[in-house]
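Notes for the structure review
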Amino acid sequence: MHGHPFRIVGTDGYPVPEARALTKDVINIGPGERYDLLMTADNPGTWLFHCHILTHVQNHGVEPGGMITIVKIDE
């Protein structure tokens, strides 16, 4: 998610041991994979959480669309 790092705390329904948890700002998620992410909403603004594959953020070739979520964090 733009503007906020997150920690990977679970994958495919199983917890990730604390010693192996990763902090990232981008994650590649394959078909059928699931991740549990924790982030601290401490950077006010409007932020995008989206796929970085262009065709996944379009509707019939038009942007924006598809796999996009907007997160608004107030001060």
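Residues numbered from 1 in each chain as written. Predicted model: local features only at pLDDT ≥ 70, side-chain atom pairs only at ≥ 80, totals over all residues. Heavy atoms only, no water.

1. Focus on a nonpolar patch on the surface
Judged by side-chain polarity, Leu48, Ile68 and Ile70 come together as a nonpolar surface patch covering roughly 240 Å² of accessible area. Mapping Leu48 onto the fold places it in strand β5 (residues 45–50). (Patch = residues over 30% accessible without salt bridge, like charges linked within 9 Å, V, L, I, M, F, W, Y side chains within 5 Å. Areas by Shrake-Rupley, 256 points an atom, 1.4 Å probe, with all protein chains shown as cover. Salt bridge = Lys/Arg side-chain N within 4 Å of Asp/Glu carboxyl O. Helix = DSSP H or I, 4+ residues; strand = E, 2+ residues; numbered from the N terminus.)

2. Looking at the pairing of strand β1 (residues 6–11)
The sheet contact formed by β1 and strand β3 (residues 22–24) spans three bridges and is antiparallel. Bridging from a neighbouring strand, Ile8 pairs with Leu22 of β3. The pairing of β1 with strand β4 (residues 35–38) spans four bridges and is classified as antiparallel. Along β4, the bridge assignment pairs Thr11 with Tyr35. Inspection of the sheet shows β1 paired to strand β2 (residues 14–15) by two bridges, in the antiparallel sense. Bridging across to β2, Gly10 finds its partner in Pro15. Linkage of β1 to β2, two consecutive antiparallel strands, is achieved through a turn of two residues, within which Asp12 is found at a positive phi near 50 degrees. (Pairing = 2+ DSSP bridges.)

3. Here we look at the environment of Gly13
For Gly13, the location among the structural elements is in the loop between β1 and β2. In this structure the C-alpha to C-alpha distance between Gly13 and Glu33, which are 20 residues apart in sequence, comes to 9.6 Å.

4. Focus on the environment of Gln58
Mapped onto the fold, Gln58 is located in the loop between β5 and β6 (68–73). Gln58 sits 10 residues away from Ile68 along the chain, and the two C-alpha atoms are 9.2 Å apart. Each residue touching Gln58, except ones within four places of it in the same chain, is listed here: Glu63, Gly65 and Gly66. (Contact = heavy atoms within 4.5 Å.)

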